[in-house]
Amino acid sequence: MRMIKRLSMALMGVAVLGLAAGEAQAKFPDEGKRFRWILGFGAGGASDFLARTVAKELEKVTKTKVVIENRRGASGIIGAGVAAKAKPDGYTFVLVSSSYFNNAALGSDKFTFKPVQAFEPVTILARTYNIVVVNKKFPVKSVKELIDYAKKNPGKINYSSGGIGTGTHFETEYFQWKTGTKMVHIPFKGAKNALLDVMAGRIPLMFSGAAVSLPQIRAGKVRPLAVLTPEPVDELPGIPTVNQTVKGFSSTVWYALFAPKGTPRDRINYLNKAFGKALSNKSLIKTLGNRGFKPTPSTPEGMLAKINEHLKLVPEVAQKTNFRLKN
């Protein structure tokens, strides 16, 4: 009997130790750890503003420090590649924009990993929109005038973008196909640099992201012609939409959050809820809204559905336009 009693107590001890170890293992995020948030874009751009704004609120929600790591290049592919190789422990995640999936849909040779399969979807973070902006001296004041001017000067108007394969590149090529116009693409390393040349008058035109262009519009450094949203936006009262002139032409830019493949589902769920809570903060919503962002948290499954929808659309548009991954 004594032997049985001792064995039972020993087994209980093992069970307690096992439970304690399980609880320790389940603790997430652990005290002293940091989140590593990788961005595929440089400092000062739209993605950087979005991530750094959200990171401050995420730190409050999770009581965990968030370190932003900018890995600029190839429409987010370089940063995503770094994240794909990271330890799948829930402490590393990467932000990519819809332009990343333009490259994925057209099979960019810059991918050394599977662009979607190498990750676990976490949430869609936010969406924003692009604005057709021109240099103040460019002789057009509406989308109709732009179309007429471009048709009279085929191949003579340059437009800038944040890089080959980006959303600004994609939308401008789609616009040309819809309107029967022909302009020349001048890609830059980042939307901020592209807009600087429009402001300086070296490039007359850009379909620019709201986060980058709104401050310059308010400062009177560029002139907005229209927004690419289905409806007018509060940030630009009196500015029409493109689809008022080009029927059915509208689009949005969205930002998605991935974690490395193999990240435990319970940690994905934790991150999804933590980001959702951070994005519901009223002060954050106001700050992001002032730069044209609208928080749109989703489930991981909802994010994946959005990605698949975009991956189907891009090749269809590319077949009808000059949208290519090489100029």
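Bear in mind the structure is a predicted one, so any value in this text is a computation, not a measurement.

Okay, the confidence of the model for the protein next. Mean pLDDT over the protein stands at 90; residues scoring 70 or higher make up 92%. Within the model, the stretch residues 1-24 combines pLDDT values under 50 with zero contacts to residues more than four positions away or in other chains.

Next up on the list: the sheet that holds strand 1 (residues 34-39). Strand order in this open sheet of six strands is 2-1-3-10-4-11, and the pairing throughout is mixed. The open sheet has two edge strands, strand 2 (65-70) and strand 11 (294-295), and neither has a second partner. Relative to strand 11, strand 4 (residues 119-128) runs antiparallel, the two being bridged by two bridges. What sits directly across from Arg127, in strand 11, is Lys294.

Strand order in this open sheet of five strands is 7-6-8-5-9, and the pairing throughout is mixed. If you trace the sheet from one side to the other, it starts and ends with strand 7 (184-187) and strand 9 (223-227), each paired once. Within this sheet the neighbouring strands show an average axis-to-axis angle of 30°, counted without direction. As paired elements, strand 5 (residues 130-134) and strand 8 (residues 205-209) share five bridges and run antiparallel to each other. Each residue of the ladder has a partner; that of Asn130, found in strand 8, is Gly209. On the sheet, helix 6 (residues 167-179) packs against strand 5, strand 6 (158-161), strand 7 and strand 8 and is oriented at approximately 130° with respect to strand 8. Where helix 7 (residues 191-200) meets the sheet, it contacts strand 5, strand 6 and strand 8, and its direction lies at approximately 145° from that of strand 8.

Now for the environment of Ala256. Residue placement: Ala256 occurs in strand 10 (residues 253-260). Sequence spacing of Ala256 and Met199 is 57 residues, and the spatial spacing of their C-alpha atoms is 30 Å. Excluding residues that lie within four positions of it along the chain, Ala256 makes contacts with Val94, Leu95, Val96, Thr123, Ile124, Leu125 and Met303.

This part takes up the packing of aromatic side chains. Counting across every chain of the model gives 24 aromatic pairs. Both rings, one in Tyr174 and one in Trp177, keep their centres 5.8 Å apart while their planes meet at 10°; by these two values the pair is stacked. Taken together, the residues span about one helical turn, with Tyr174 and Trp177 both in helix 6 at a distance of three residues. According to the relative accessible area criterion, Tyr174 is partly exposed, its value standing at 24%. A ring pair is formed by Phe175 and Phe249, whose centres lie 5.9 Å apart and whose planes are at 75°; its orientation type is edge-to-face. You can see Phe175 sitting in helix 6 and its partner Phe249 sitting in the loop between strand 9 and strand 10, a full 74 residues away along the chain. By relative accessible area, Phe249 is classed as buried at 2%. Three or more aromatic residues joined by ring pairs form one cluster here, namely Phe28, Phe35, Trp37, Tyr91, Phe93, Tyr270 and Phe275.

Conventions adopted
- Residues numbered from 1 in each chain as written.
- Predicted model: local features only at pLDDT ≥ 70, side-chain atom pairs only at ≥ 80, totals over all residues.
- Heavy atoms only, no water.
- pLDDT = per-residue confidence, 0-100.
- Contact = heavy atoms within 4.5 Å.
- Pairing = 2+ DSSP bridges.
- Helix = DSSP H or I, 4+ residues; strand = E, 2+ residues; numbered from the N terminus.
- Axes fitted to C-alpha atoms, helices over the stretch in contact; angles between N-to-C directions.
- Phe/Tyr/Trp six-rings, centres within 6.5 Å; stacked < 30°, edge-to-face > 60°.
- Buried < 20%, exposed > 50% of the residue type's maximum accessible area, 1.4 Å probe, protein only.

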